[in-house]
Amino acid sequence: MHIFELEDQVPFYQHFAVDVDDFHAAYDAAKAMGALDSTAFRNPVNELPDGCVQSVLARSAGNLIEIDWPDVETLDRARIPEMKLLTEFAEQNEEGLAASLYLDRPHLKAARRPR
């Protein structure tokens, strides 16, 4: 779990994030509810440079919720047509390319194949 808060910004990007046990089930439920959000982070499902996946959900009150998954290779990409590489639409500096949502799982990043 993480909470993202910016002190000097309007609360547009602030969100609450959780790691889920079944990304496909969470994604399917969010899609069925119309909760996938592409306004806050430009795309509703993103593969990050280290191979983890995040999806941003929004409700009518404007609250953002992020669901996270540690390894894109364990997902069926065909079931998630919205998923894009973050680097396809958001330039990443060296720090961004090295970042990970899963600091306690360095073995996942070490095992990640280059794309």
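Everything discussed here concerns the structure shown above.
What you see is a predicted model; the values in this text were computed from it and never measured.

Visitor: What should I look at first to understand the nonpolar core in this one?
Guide: As a rule of thumb, nonpolar side chains are buried together in soluble globular proteins. By size, the foremost hydrophobic cluster in this structure holds 14 residues, and its most contacted members are Phe-23, Val-45, Val-53, Trp-69, Leu-75, Ile-80 and Met-83. Elements represented by at least two residues in this core include exactly helix 1 (23-33), strand 4 (53-58) and strand 5 (64-69). Take this core: its biggest share by element is three residues, from helix 1. Among all residues touching Met-83, those that are not within four sequence positions of it are Asn-43, Val-45, Glu-47, Val-53, Val-72 and Arg-77. Leu-48, Leu-86, Ala-90 and Tyr-102 belong to the second-largest nonpolar core, a separate cluster that totals five residues.

Visitor: Would you mind showing me how to read the side chain of Asp-50 here?
Guide: Among the structural elements, Asp-50 can be located in the loop between strand 3 (45-47) and strand 4. Of the polar contacts made by the side chain of Asp-50, one reaches the backbone nitrogen of Cys-52; its length is 3.1 Å.

What counts as what
Residues numbered from 1 in each chain as written. Predicted model: local features only at pLDDT ≥ 70, side-chain atom pairs only at ≥ 80, totals over all residues. Heavy atoms only, no water. Core = buried A, V, L, I, M, F, W, Y, C linked by side-chain atoms within 4.5 Å. Buried < 20%, exposed > 50% of the residue type's maximum accessible area, 1.4 Å probe, protein only. Helix = DSSP H or I, 4+ residues; strand = E, 2+ residues; numbered from the N terminus. Contact = heavy atoms within 4.5 Å. Polar contact = N/O pair within 3.5 Å; in protein donor to acceptor, adjacent residues only side chain to side chain.

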